[in-house]
Structures are given as C-alpha cells and as structure tokens.
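# Notes for the structure review
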Amino acid sequence: MADFTNCRPMVSADSLTPVQAEQVALSGRLYDGESLPAGRRLSEDDGDEAVLNFCELWDVVDDDGVLLYEAWFYQVDSGSIFLAGTTEVVAEIIQCGLECPDPERRSELGVAMVRAGLLPASDSAYQEFRAAAESAP
C-alpha cells in the first residue's frame with residue numbers, strides 16, 4: 001500500500017537535486033507545452049506566467065517507507081507523478097483527477113490520494129478509490 005507523505009512547498013529551484021530540477025521542468029512542459037528550466041518554473045516573479053504556483057513535492061512511499069514515486073502538485077489542480085529518482089512520468093493530475101495508463105498503478109495512487117485527502121470527493125473516480133481504500137487491510 002502506498003502513502004503520500006513528507007509534503008513540502010517548493011518556491012525555489014535552489015534546493016532541488018538535478019533529477020528534481022528536471023522533474024519540475026518536465027512538469028511545466030506537460031502543463032503548458034513550454035520547455036523552461038526549473039529556475040524559471042519556481043521563480044518568485046509573481047508576474048511570470050510560466051511559474052508553477054502553489055507547487056508542492058510529496059513523497060509516495062510503500063509500507064516499509066521505501067520511496068516509490070515523487071509527486072509534484074501545482075497550479076491548484078494539476079500535477080505530475082514520477083517514478084522515484086527518475087524523470088519517468090507514471091501519472092498526471094489533470095483538473096484534480098488522476099490520469100494513469102497503468103491500471104494497477106492507478107489504483108495504488110488513487111487509493112493513496114484518497115487517504116491523503118488529495119483527491120476531491122467530486123472527482124468521478126473518488127468513490128472507486130474510497131471503496132478500495134476501505135477494503136484494504
């Protein structure tokens with residue numbers, strides 16, 4: 001079972017690892033199609049439309065605390081989830097909903113999002129994931 005943990009706001013690229021900086025850049029490209037560096041995506045310039053506002057980084061861990069995924073949430077209703085330590089996108093958050101092509105991973109992440117309060121009850125898949133969360137050991 002996966003859990004979202006260790007949420008931290010990201011307001012600067014200064015503390016990012018090289019992989020995290022690339023994850024931010026890729027997240028921005030997925031969001032608006034523009035290829036811009038992490039420093040620009042996390043700029044403190046309020047007037048810069050390229051900035052990923054309300055940016056948070058979450059760790060997604062297994063029952064033993066092993067890091068499985070790195071989940072970036074931004075712009076209130078968007079996000080990108082990467083295989084831990086890589087730039088491989090495994091899922092996206094689009095208008096607050098989870099989009100994931102792998103059914104097993106979708107279920108794992110969806111249940112974890114419900115338990116963490118990251119998936120709104122108004123999402124079309126919320127009841128599915130909530131039921132799975134309630135039936136999990």
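Described in the following lines is the structure provided in the data block. If you're wondering where the values come from, they're calculated on a predicted model, not measured in any experiment. (Residues numbered from 1 in each chain as written. Predicted model: local features only at pLDDT ≥ 70, side-chain atom pairs only at ≥ 80, totals over all residues. Heavy atoms only, no water.)

### Considering helix H1 (residues 18-32)
- The terminal C-alpha atoms of H1, which comprises 15 residues, lie 21 Å apart, in line with the 21 Å expected from a rise of 1.5 Å per residue.
- Every buried residue belonging to H1 is among Gln20, Gln23, Val24, Ala25, Leu26, Ser27 and Gly28, and all of these are buried.
- The inward-facing, buried residues of H1 abut strand S1 (3-9), helix H2 (38-41), strand S2 (56-61), strand S3 (67-74) and strand S4 (78-83).
- Backbone geometry just downstream of H1 places glycine 33 in the positive-phi region, at approximately 80°. (Helix = DSSP H or I, 4+ residues; strand = E, 2+ residues; numbered from the N terminus. Expected span 1.5 Å × (residues − 1). Buried < 20%, exposed > 50% of the residue type's maximum accessible area, 1.4 Å probe, protein only. Contact = heavy atoms within 4.5 Å.)

### Considerations on the sheet that holds S2
- Ordered in space as S1-S2-S3-S4-S5-S6, the six strands form an open sheet in which the pairing is antiparallel. The open sheet is flanked by S1 and strand S6 (97-99), the only strands paired with a single partner. Within the sheet, the average angular offset between the axes of one strand and its neighbour, ignoring direction, is 20°.
- Where strand S5 (residues 89-94) meets S6, three bridges bridge the pair, whose relative direction is antiparallel. When the bridges of S6 are listed, glutamate 92 appears paired with glutamate 99. (Pairing = 2+ DSSP bridges. Axes fitted to C-alpha atoms, helices over the stretch in contact; angles between N-to-C directions.)

### Regarding the nonpolar core
- Counting residues in each nonpolar core, the largest one holds 22 residues, and the members touching the most others are Phe4, Phe73, Ile81, Leu98, Leu109 and Met113.
- Ranked by residue count, the leading element in this core is helix H3 (residues 103-116), at four residues.
- When residues no more than four places from it in sequence are discounted, the contact partners of leucine 109 are Phe4, Val60, Tyr69, Ile81, Ala91 and Leu98.
- Counting residues in each nonpolar core, the second largest holds twelve residues, with Leu42, Leu52, Cys55 and Leu57 among its members. (Core = buried A, V, L, I, M, F, W, Y, C linked by side-chain atoms within 4.5 Å.)

### Re helix H4 (residues 126-135)
- For H4, the full list of buried residues reads Tyr126, Phe129 and Ala133. Taken down its axis, H4 places every buried residue within 75° of arc, on the same side. Exposed positions of H4 whose direction lies more than 90 degrees from the buried face are Glu134 and Ser135.
- Where H4 is buried, its residues contact S6 and H3. (Arc of directions from axis to C-beta.)

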